Amino acid sequence: MITIEKLNESHLEDVKKVSLADEQVKFAGTAEEFLEDGSDSIHLHVIKHDDVLVGFFKIDTAYSDNYPFCQQNALGLRAFVIDVNQQGKGIGTGAVKALFPYLKQSYSEFDLIYLTVNCKNPGAKVCYLKGGFEDTGEQYLGGEAGPQYIMVGKITD
């Protein structure tokens with residue numbers, strides 16, 4: 001069973017154990033970078049599989065202020081990470097599917113969620129598509145690691 005929780009003190013040591021393959025770090029960053037990035041508008045969350053912490057992500061409530069492709073009243077999904085040892089088991093897709101009801105409950109004032117996924121990261125794009133995101137057909141060209149597909153998901157029906 002996959003669950004999502006807001007990061008709290010009890011998660012810190014387990015988050016630090018989450019790692020990516022070297023070639024994936026440029027897309028999502030490290031656990032240490034993740035833990036340093038929380039703020040009033042960047043909310044940190046963890047992903048658990050059978051009560052074991054297997055990943056994390058950020059919800060950016062000010063995403064539309066920084067990315068012109070993002071509509072107002074929309075969230076941004078950033079730094080979505082599944083531990084390298086847990087990849088390939090369907091956990092990422094399951095976590096993306098679990099994300100939508102979680103957002104509907106926890107961020108009900110928002111209608112949409114956007115993300116960008118690097119064009120050199122096809123596995124992640126497939127995961128997001130299977131999980132319920134749609135490719136907008138546009139690309140974001142401002143990423144440090146190269147062009148990115150812009151994807152969107154509906155939080156509310």
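Residues numbered from 1 in each chain as written. Predicted model: local features only at pLDDT ≥ 70, side-chain atom pairs only at ≥ 80, totals over all residues. Heavy atoms only, no water.

Quick look at the packing of aromatic side chains
When we look at a pair of aromatic rings, we describe it by the centre distance and by the angle of the planes. Our working definition: Centres within 6.5 Å are what make two rings of Phe, Tyr or Trp a pair, Trp counting through its six-membered ring; a difference in plane orientation under 30 degrees is then read as stacked, over 60 as edge-to-face, and the rest as tilted. Every helix listed is a DSSP run of H or I at least four residues long, and every strand listed is a run of E at least two residues long, numbered separately from the N terminus. Only protein chains enter the calculation, and the probe is 1.4 Å; a residue is then buried if its accessible area is under 20% of its type maximum, exposed if over 50%, and partly exposed in between. A ring is considered to have a charge above it if a Lys NZ or an Arg CZ atom is located within 6 Å of its centre and within 35 degrees of its normal.
Taken as a whole, this structure holds 12 aromatic pairs when the rule is applied. For the pair Phe80 and Tyr128, a centre-to-centre distance of 5.7 Å together with 65 degrees between the ring planes defines the contact as edge-to-face. A residue pair is termed long-range when its members are at least 10 positions apart, and Phe80 in strand S4 (residues 74–82) and Tyr128 in helix H6 (residues 122–131) qualify at 48 residues. For Phe80, a relative accessible area of 13% corresponds to the buried category. Taking the relative accessible area as the measure of exposure, Tyr128 reaches 8% and is therefore buried. Every member of this aromatic cluster is reached through a ring pair, and the members are Phe57, Phe80, Phe100, Tyr128 and Phe133. The ring centre of Tyr149 lies 3.8 Å from the NZ or CZ of Lys125, which sits over that ring.

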